[in-house]
Amino acid sequence: MSSLKETMQTFAVNQALKYIEGNPDENLPKLMDMVDKFSPDDWYVEQRKAIRTAIEAGATTVTVCDTAGAMLPNEFTAFIRALYEGVPALKDVCLGISCSDSLSMADACAIAAVGVGVTELKASVYPLDTASIGNLAKVLSARGDSLQAATSVQLTQLSRIIDQISWMCQQGGGKRGLDNGTQDEAAGIFLTDHDNA
């Protein structure tokens, strides 16, 4: 049986989500202002102050992170929208994001963030608890138009490079260590000097 405190917290969170869903563009900034007023640690206020200070000091790129990897795509986009609302100057700089993949949602959160104006994504080739550059490139290539985004990444070359880097990382712990980075042609994956074109 849950305690009264847990019941009240659950009720409050559910009410806040319903309020946001009613009109996210209008209600989210209002809710964030209310959180700013009543938050005992002023955690969100301090984040926004830090972003404002960085922009005022001349930053041309600001990166925010979900290092816990606890947000779902809709929650992450609500967070990004709240930042844009709370820091209007953010619209004049490049906003980058980094998402942890703790819940296997980093790719989805990153793509959703592009849909609300994020222009830089932290991603990796080899699985390092962040978004996958291969997955992001495929989605942006195939569906970028629906996100008002574009990429000039050449997917075939990227796929070869990803396979090569993955192979080298896997070989790093073996008896051979890292060699010259080429595989046997029989494996079907290798880089040549023609791949740089």
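Fair warning: this is a prediction, and the values are worked out from it, not measured in the lab.

Next up on the list: the confidence of the model for the protein. When pLDDT is averaged along the protein, the result is 80; 77% of the residues meet or exceed 70. When pLDDT is averaged over each helix and strand of the protein, the minimum, 66, is found for helix α2 (residues 24-38) and the maximum, 96, for helix α5 (residues 106-114). Below a pLDDT of 50 lies the segment residues 174-178, which in the model reaches six contacts outside its immediate sequence neighbourhood of four places, other chains included. Note that residues 183-197 has pLDDT below 50 and, in this model, 18 contacts with residues that lie over four places away or in other chains.

The next point concerns unusual backbone geometry. In this structure, S104 is a non-glycine residue whose phi angle is positive, near 60°. When its relative accessible area of 59% is taken as the criterion, S104 is described as exposed. Positive phi, close to 60°, is recorded for D129, a residue that is not glycine. Of note, D129 is situated in the loop between β4 (123-124) and β5 (131-132). Residue classification places D129 among the partly exposed residues on the basis of a relative accessible area of 44%.

Following both chains from N to C, one finds helix α4 (residues 73-86) and α5 inclined at 40°, their axes separated by 8 Å at the closest point. Judged by the angle between their axes, α4 and α5 are oblique. Considering only the axes of α4 and α5, their crossing is right-handed. When α4 is examined against α5, the residues P73, F76 and T77 are found in contact with a partner set consisting of A108, C109, A112 and A113. Looking at the contact of α4 with α5 residue by residue, the class counts come to six nonpolar, one polar and no charged.

Rules used in this analysis
Residues numbered from 1 in each chain as written. Predicted model: local features only at pLDDT ≥ 70, side-chain atom pairs only at ≥ 80, totals over all residues. Heavy atoms only, no water. pLDDT = per-residue confidence, 0-100. Helix = DSSP H or I, 4+ residues; strand = E, 2+ residues; numbered from the N terminus. Contact = heavy atoms within 4.5 Å. Buried < 20%, exposed > 50% of the residue type's maximum accessible area, 1.4 Å probe, protein only. Axes fitted to C-alpha atoms, helices over the stretch in contact; angles between N-to-C directions. Parallel < 35°, antiparallel > 145°, perpendicular 65-115°, else oblique. Left-handed = near helix turned anticlockwise from the far one by under 90°. Nonpolar A, V, L, I, M, F, W, Y, C, P; charged D, E, K, R; others polar.

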